[in-house]
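Structure assessment
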Amino acid sequence: MNSRMLLPVALLGTLSPSLGVALGQQPAAPSFSYNVVNLGTPLGGTFANAQTLSLQGFIAGYANVTGDVAQHAVLWLQNGTKDLGTLGGSNSAVLGELSGYSETATPDPLAQDFCAIGTHLVCLAMTVANQNEVALPTLGGTAAAAFGNNDSGQVVGESLTATNDPGCLVGGQPQPPFYQIQQGLPAVWQNGKVSSLPLFSSDSDGLANANNNLGQIVGSTGDCTTNPAAHAVLWNNGQVTDLGNLGGAKNHQPVAINDLGQITGGSDLPGDQIQHAFLWQKGVIQDLGTLPGDMFSFGNSINNLGQVVGNSCDVNFNCRAFLWQNGKMIDLNTVIPSNSTLVLNYAATIDDFGIIAGYAVDPNTNTVPAFVLYPNFGGFARAPRAEAAPRVAMSDSLRTLVQQRMKPRGARRTGPNSGVPQQ
């Protein structure tokens, strides 16, 4: 669910006092703008991503530690930041709402690398409670990861089972980046207990990416290796429904659902060479297209006003953060102050106040910091950027770093269709 209503208390003062009057309005560009706050890279590395605007008044995500040798879940609080650490291993991250994964110090007994970090340590689903990581049980396998939760504490994700899945092997060998051997099923955690969701049709594996406050859940089902996201699905009252797709045979990935049942994510077009962001509502799936000059797009979050944010990328996977509303996709780089040093690459989340968070590139420091955007309903505080905002490509070193460290919602969402810039 991506419809948070409470403002992060650390930055309340940056909002216009006319917020309450403006909430019901949908101004058209360029009559609206955003104030941008650079959240930096708080753990000493060169990459950070803000994933969640929490009801508890903070921002959550993850950041690289000094030397970029690992990443940790992190909270941006009123009085600074908090490194949530790990469950004993090297890496952790908040991937959606207040849930994610954390490594233990235990090597996976089957040498699986479920969280695709390269450590082959046991990786567990976790949720954040009282600003600390809480490990969640598995469905009998060695590992799990969580991708979202709702306001009732229901957590969703994927867990391995104790059953080996021969479909995970190619030529008798497990395949990178997961080296998976055990079956992975869509999982739901409630009150500390875990259960699995039904798979669509004859599919053998799946994952749950997000849920709303009505308990509706979205995710993907397919097989272990060749087509893990064959079907975009909705689970409602125990029933699984195929949402359809944009014409491709693969990579149909719903990753966010609001309380009105509107869904966004990404789906391949015919030929499976291009993926576009989509909006699903009332049984109809709509292609949201791309920003001008781009080829790929992905919708990462949708609020209860039906606003979608995500990223749009050119053929070289140089990406720009977008906002989609009223039938139009807008480059968020065109509605922030012209003197900002940030180039917004990836919008991860939007709440019901229109506050947006994600990650950007700062060419001046050669870093990829987290950011948060606050609507400026009083008009532009400074002149906005031109309509044709300059596209800034990442350096090769930064692009490689983001590929290694970016953990999109949905463990299977990897490769060129993941929203992660590629070389």
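Every chain's residues receive numbers from 1 upward, in the order its sequence appears when written. Local features in this predicted model are restricted to residues whose pLDDT is 70 or higher, and side-chain atom pairs enter the listing and the counts only when it is 80 or higher, whereas totals over whole chains, interfaces and linings include all residues. To obtain the side-chain values, all non-hydrogen atoms of the structure were included, while hydrogens and water were left out.

Take the state of the cysteines next. To count as a disulfide, a pair of cysteine sulfur atoms needs to be within 2.5 Å. In total, this model carries three disulfides according to the counting rule given. Covalent S-S linkage joins Cys 168 and Cys 224, the inter-sulfur distance amounting to 2.0 Å. Here the S-S torsion is close to 105 degrees, and the disulfide linking Cys 168 with Cys 224 is therefore right-handed. You can see Cys 168 sitting in the loop between β11 (155–164) and β12 (169–170) and its partner Cys 224 sitting in the loop between β17 (217–222) and β18 (231–236), a full 56 residues away along the chain. Like Cys 224, Cys 168 is buried. Ordering the disulfide-forming cysteines of the chain by sequence position, one finds them joined as 1-2, 3-4, 5-6. Secondary structure counts use DSSP, requiring at least four H or I residues in a row for a helix and at least two E residues in a row for a strand, with both numbered from the N terminus. Buried residues are those whose accessible area, probed at 1.4 Å on protein chains only, stays under 20% of the maximum for their type, while exposed residues exceed 50% and partly exposed ones sit between those limits.

Moving on to the nonpolar core. Throughout this description, the term nonpolar core refers to a set of buried Ala, Val, Leu, Ile, Met, Phe, Trp, Tyr and Cys residues connected via side-chain atoms within 4.5 Å. By size, the foremost hydrophobic cluster in this structure holds 19 residues, and its most contacted members are Leu 95, Tyr 101, Phe 114, Cys 115 and Ala 145. Breaking this core down by element, the ones donating at least two residues are β6 (88–96), β10 (140–149), β28 (343–350) and β29 (356–361). Ranked by residue count, the leading element in this core is β10, at three residues. Should any heavy atoms of two residues lie within 4.5 Å, those residues are counted as being in contact. Contacts of Phe 114, omitting those with residues within four sequence positions, involve Ala 143, Ala 144, Ala 145, Glu 158, Leu 160, Phe 178 and Gln 180.

In this section: the side chain of Asp 314. For Asp 314, the position within the fold is in the loop between β25 (308–313) and β26 (319–325). A polar contact is formed between the side chain of Asp 314 and the backbone nitrogen of Asn 316, at a distance of 2.9 Å. Here the side chain of Asp 314 touches Asn 318 through a polar contact of 2.9 Å, landing on its backbone nitrogen. Definition of a polar contact: a pair of N or O atoms within 3.5 Å, with one able to donate and the other able to accept a hydrogen when the atoms are protein atoms, and with sequence-neighbouring residues admitted only if both atoms are side-chain atoms.

Here the focus is the environment of Ala 144. Mapping Ala 144 onto the fold places it in strand β10. Separated by 43 residues in sequence, Ala 144 and Tyr 101 place their C-alpha atoms 7.5 Å apart. What Ala 144 contacts, discounting residues up to four positions off in sequence, is Phe 114, Cys 123, Leu 124, Ala 125, Thr 138, Glu 158, Ser 159 and Trp 189.

This part is about the sheet that holds strand β5 (residues 80–85). Ordered by their spatial adjacency, four strands build an open sheet running β2-β3-β4-β5, and the pairing between neighbours is antiparallel. Each edge of the sheet is formed by a strand with only one pairing partner; in this case those strands are β2 (44–53) and β5. Across this sheet, the average inter-strand angle for adjacent strands is 30 degrees, counted without regard to direction. A pair of strands is considered paired only if DSSP assigns at least 2 bridges between the two. Sheet analysis places strand β3 (residues 59–65) next to strand β4 (residues 71–77), joined by six bridges and oriented antiparallel. From the neighbouring strand, Asn 64 faces β4, where its bridge partner is Gln 71. Helix axes are fitted to C-alpha atoms over the stretch in contact, other axes to C-alpha atoms as well, and angles between N-to-C directions run from 0 to 180 degrees.

Within a predicted model, pLDDT stands for the predictor's per-residue confidence, ranging from 0 to 100. Of all residues in the chain, 82% attain a pLDDT of 70 or more, and the chain-wide mean is 86. Of the regions scoring below 50 in pLDDT, residues 3–30 engages in 60 contacts with residues more than four places distant in sequence or in other chains.

With that settled, the discussion passes to unusual backbone geometry. The peptide bond linking Pro 176 to Pro 177 adopts the cis configuration, its omega dihedral lying at 5 degrees. With respect to the helices and strands, the residue Pro 177 is situated in the loop between β13 (173–174) and β14 (182–190). Residues other than glycine seldom take positive phi values, yet Asp 68 does so here, at roughly 55 degrees. Look at Phe 317: it is not a glycine, yet its phi comes out positive at around 60 degrees. Relative to the helices and strands, Phe 317 is located in the loop between β25 and β26.

Next up on the list: the pattern of salt bridges. Whenever a carboxyl oxygen of Asp or Glu lies within 4 Å of a side-chain nitrogen of Lys or Arg, that contact is scored as a salt bridge. Throughout the structure, instances matching the rule amount to two salt bridges. Across the salt bridge formed by Asp 294 and Arg 320, the nearest N and O atoms sit 2.9 Å from each other. With Asp 294 in the loop between β23 (284–289) and β24 (296–302) and Arg 320 in strand β26, this pair connects stretches of sequence that are 26 residues apart. Pair check on accessibility: Asp 294 and Arg 320 agree, each one buried.

Turning to the environment of Thr 225, a few remarks are in order. You can see Thr 225 is positioned in the loop between β17 and β18. For the pair Thr 225 and Leu 169, spaced 56 residues apart in the sequence, the C-alpha separation amounts to 7.7 Å. When neighbours within four sequence positions are excluded, Thr 225 is seen to be in contact with Gly 167, Cys 168, Val 170 and Gln 175. A distance of 3.3 Å separates a polar atom in the side chain of Thr 225 from the backbone oxygen of Cys 168.

Once that is clear, we can look at the sheet that holds strand β19 (residues 239–242). Spatially, the four strands line up as an open sheet ordered β16-β17-β18-β19, and their pairing is antiparallel. At either end of the open sheet lies a strand with only one pairing partner, and these are β16 (205–211) and β19. For this sheet, the mean inter-axis angle between neighbouring strands, taken without regard to orientation, is 30 degrees. Of the pairings in the sheet, the one linking β17 to β18 comprises five bridges and is antiparallel in character. By the bridge assignment for β18, Ile 217 is matched with Trp 235.

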